[in-house]
Amino acid sequence: MCQHLNPCPSADAIDREAAKTVATCREQGWSLLCNGVIVFEDTGEILPDGTMIEPHRGPARHALAA
């Protein structure tokens, strides 16, 4: 899918989130990457084959300070 001079990581690569953003809907909290991955604000993802990746961000910093 990627047409960039230096190709972006594929959708099955471990660093797939490093692909360039081609569309964003800030109101709904998602972005489409050039490798076909849809990423959400909560760090969840939908891969081009329909596989869903659960949110995988760590705990908020203020939660760790308590």
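An account of the accompanying structure is given in this report. (Residues numbered from 1 in each chain as written. Predicted model: local features only at pLDDT ≥ 70, side-chain atom pairs only at ≥ 80, totals over all residues. Heavy atoms only, no water.)

Things to note about the overall build of the chain
Phase 1: Of regular secondary structure, the chain possesses 1 helix and 5 strands.
Phase 2: What you see in the chain, going N to C, is helices and strands ordered as β-β-β-β-β-α.
Phase 3: Looking at the chain residue by residue over its 66 residues, the buried ones come to 27%.
Phase 4: Accessible surface, the chain: about 5100 Å² in total, of which carbon and sulfur atoms supply 55%. (Helix = DSSP H or I, 4+ residues; strand = E, 2+ residues; numbered from the N terminus. Buried < 20%, exposed > 50% of the residue type's maximum accessible area, 1.4 Å probe, protein only. Areas by Shrake-Rupley, 256 points an atom, 1.4 Å probe, with all protein chains shown as cover.)

Re the nonpolar core
The nonpolar side chains of soluble globular proteins are, as a tendency, buried together.
Phase 1: Core analysis: the largest hydrophobic core is formed by 8 residues, namely Cys8, Ala11, Ala19, Leu33, Cys34, Val37, Val39 and Leu47.
Phase 2: Leaving out residues up to four positions away in the same chain, Cys8 has contacts with Cys2, Ala19, Lys20 and Cys34. (Core = buried A, V, L, I, M, F, W, Y, C linked by side-chain atoms within 4.5 Å. Contact = heavy atoms within 4.5 Å.)

Comments concerning the side chain of Ser31
Phase 1: Examined against the element boundaries, Ser31 turns out to sit in strand β2 (residues 30–33).
Phase 2: A polar side-chain atom of Ser31 sits 3.4 Å from a polar atom in the side chain of Thr24.
Phase 3: Not counting the four nearest positions on each side in its chain, Ser31 is found in contact with Thr21, Ala23, Thr24, Val37, Ile38 and Val39. (Polar contact = N/O pair within 3.5 Å; in protein donor to acceptor, adjacent residues only side chain to side chain.)

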